[in-house]
Amino acid sequence: MTNQTKPELATFVARDRCIACGSEDFSVLGSGKFSEDPVRRFIDEDPWGESPLPALGDHVWEYARCNQCGQSFQKWLLTPEWQEIRFRDWMSEEAIREFEREHALDQPEARLSKGVELVRHALRLEKMTRALRGGSALRVLDFGCGWGEFLVMSKLMGFEAYGIERAPDRQRSLLNQGVTAFPDLDVALQTVGQGFHAATLFQVLEHLEEPLKVLTAIRDVLVPGAVLVLEVPDCTGVTGIRSKTDYYQIHPLEHINCFTGESLRKLAERAGFKAETPAIAHVTTDPVKVLRGEAKRVVQKMRTPGTNQYFRRV
């Protein structure tokens with residue numbers, strides 16, 4: 001906690017238009033006050049550097065869905081001043097690490113699973129960008145790179161890997177690892193330029209104040225035909241916060257944009273991308289898993305797309 005003076009109660013701004021299509025025609029699916037259960041209890045149970053509850057007071061949260069395009073989003077956002085307080089004081093490194101421990105994300109099995117998935121993404125990107133690179137190193141931008149695991153993996157494979165990370169604690173951690181990361185896209189481009197062959201946003205798009213604007217900016221730094229990877233929580237069927245699962249999917253402070261497979265694809269298309277089937281990549285010593293993986297690929301082609309998708313810049 002710093003000695004910086006801040007207002008007693010947090011301030012919010014309202015989104016009056018759909019974050020995807022700009023329509024003013026949307027409906028509120030669920031709402032409540034931060035001071036009311038179950039949201040108050042869920043927030044209180046989470047680890048924080050400094051609890052946000054006193055600053056949130058009786059302010060309302062409203063979960064809305066656009067009646068024109070189906071995109072869902074939280075209507076109320078913290079103002080930029082309070083977003084900085086959220087990153088600086090509420091979401092401390094210690095609190096983030098504690099959340100990971102509580103959800104067993106730091107356990108060997110979870111870390112192995114995540115590592116395997118990151119290798120799979122890296123192999124796919126290498127294969128899918130060969131024609132673009134002409135033998136040069138793959139240049140990849142990881143937007144919202146967190147603790148930098150994908151950047152480290154990419155560097156080991158010989159990629160030119162750069163990250164964007166807003167949280168100050170994570171920026172310091174990345175610097176200590178020798179990973180190249182920047183606080184925002186403008187600063188990154190001033191340093192490393194454009195011409196990226198791929199961009200990744202792993203569990204990031206749901207947190208952004210203006211997701212369409214960010215995707216459009218990322219499109220502009222990619223070469224034509226470059227690959228975009230988007231992964232977000234699947235909010236299909238969620239209409240309010242009644243359970244802890246609902247809370248983690250449409251967290252009114254954190255998950256301010258809420259997607260289904262269809263709405264994710266529509267947003268990417270609006271930003272100038274088209275859906276792409278990812279390259280085959282198996283990271284396993286078990287041949288049975290290879291067979292299962294291929295069977296899963298066949299089934300997925302016949303289903304509605306999920307919220308982990310690949311795209312190409314048009």
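Our structure is the block above this text.
The rules behind these values
- Residues numbered from 1 in each chain as written.
- Predicted model: local features only at pLDDT ≥ 70, side-chain atom pairs only at ≥ 80, totals over all residues.
- Heavy atoms only, no water.
- Buried < 20%, exposed > 50% of the residue type's maximum accessible area, 1.4 Å probe, protein only.
- Helix = DSSP H or I, 4+ residues; strand = E, 2+ residues; numbered from the N terminus.
- Pairing = 2+ DSSP bridges.
- Right-handed = clockwise from strand over helix to strand, strands pointing away.
- Core = buried A, V, L, I, M, F, W, Y, C linked by side-chain atoms within 4.5 Å.
- Contact = heavy atoms within 4.5 Å.
- Phe/Tyr/Trp six-rings, centres within 6.5 Å; stacked < 30°, edge-to-face > 60°.
- Lys NZ or Arg CZ within 6 Å of the ring centre and 35° of its normal.
- Axes fitted to C-alpha atoms, helices over the stretch in contact; angles between N-to-C directions.
- Parallel < 35°, antiparallel > 145°, perpendicular 65-115°, else oblique.
- Left-handed = near helix turned anticlockwise from the far one by under 90°.
- Nonpolar A, V, L, I, M, F, W, Y, C, P; charged D, E, K, R; others polar.
- Salt bridge = Lys/Arg side-chain N within 4 Å of Asp/Glu carboxyl O.

### Points about the pairing of strand 10 (residues 222-231)
- Within strand 10, eight of the ten residues are buried, which leaves the element mostly enclosed by the surrounding structure.
- Bridge count between strand 9 (residues 196-202) and strand 10: six bridges; the pairing is parallel. Bridged to leucine 201 within strand 10 is leucine 230.
- Each parallel crossover has a hand, and the one from strand 9 via helix 10 (residues 211-221) to strand 10 is right-handed.

### Quick word on the sheet that holds strand 3 (residues 60-66)
- Taken together, four strands build an open sheet; the order of strands is 2-3-4-11 and the sheet is antiparallel. Both outer strands of the open sheet, strand 2 (26-33) and strand 11 (257-258), are each paired with one neighbouring strand and no more.
- Strand direction decides the pairing type here: strand 2 and strand 3, joined by seven bridges, are antiparallel. By the bridge assignment for strand 3, lysine 33 is matched with valine 60.

### Some remarks on the nonpolar core
- Counting 39 residues, the largest nonpolar core has Phe143, Phe196, Leu201, Leu205, Leu215, Leu228 and Leu230 as the members making the most contacts within it.
- Breaking this core down by element, the ones donating at least two residues are strand 3, strand 6 (139-143), strand 7 (160-164), helix 9 (185-192), strand 9, helix 10, strand 10 and helix 12 (261-270).
- Excluding anything up to four places from it in sequence, phenylalanine 196 contacts Arg139, Val140, Leu141, Tyr162, Leu189, Val221, Leu222, Val223 and Ala226.
- Ranked by size, the runner-up nonpolar core spans 26 residues in total, among them Trp61, Tyr63, Met91 and Val238.

### Thoughts on helix 12
- Buried residues of helix 12: Gly261, Ser263, Leu264, Leu267 and Ala268, and no others.
- Looking at the buried residues of helix 12, the elements they touch are helix 10, strand 10, strand 11, strand 12 (273-276) and strand 13 (308-313).
- Just beyond helix 12, the residue with positive phi is glycine 272, at close to 100°.

### Focus: the packing of aromatic side chains
- Counted by the stated rule, this structure contains eight aromatic pairs.
- The interplanar angle of 45° and the centroid separation of 6.0 Å between the aromatic rings of tryptophan 82 and tryptophan 90 together place this pair among those described as tilted. Neither tryptophan 82 nor tryptophan 90 differs from the other in exposure class; each is buried.
- Through pairs of rings, three or more aromatic residues link up here, namely Phe42, Phe99, Tyr247 and Tyr248.
- The side chain of arginine 86 reaches across the aromatic face of phenylalanine 87, ending 4.6 Å from its centre.
- Over the aromatic face of phenylalanine 196 sits the side chain of arginine 139, whose NZ or CZ is 4.7 Å from the ring centroid.

### Some words on the packing of helix 5 (residues 108-128) against helix 7 (residues 149-156)
- Where helix 5 meets helix 7, the closest approach of the two axes is 10 Å, and the angle between their N-to-C directions is 50°. It follows from the interaxial angle that helix 5 and helix 7 lie oblique. Both helix 5 and helix 7 take part in a crossing whose hand is right-handed. Across from Lys114, Gly115, Leu118, Val119, His121, Ala122 and Leu125 in helix 5, the residues of helix 7 making contact are Glu149, Phe150 and Met153.
- In terms of residue class, the contact of helix 5 with helix 7 is made up of six nonpolar, two polar and two charged.

### A few points about the pattern of salt bridges
- In this structure the tally under the stated criterion is 21 salt bridges.
- Note that arginine 97 is salt-bridged to glutamate 100, the shortest N-O span being 3.6 Å. With arginine 97 and glutamate 100 both in helix 4 (residues 93-102), this residue pair falls three residues apart, about one helical turn.
- For arginine 97, a relative accessible area of 29% gives the class partly exposed.
- Here glutamate 276 ties to arginine 312 by a salt bridge, and the two come within 3.1 Å at their closest N and O atoms. Note that glutamate 276 is positioned in strand 12 and arginine 312 in strand 13, a separation of 36 residues in sequence.
- Note on glutamate 276: relative accessible area 28%, which makes it partly exposed.
- When salt bridges that share partners are traced, they join Arg41, Glu45 and Lys244 into one network.

All quantities given are derived from atomic positions and should not be read as evidence of function.
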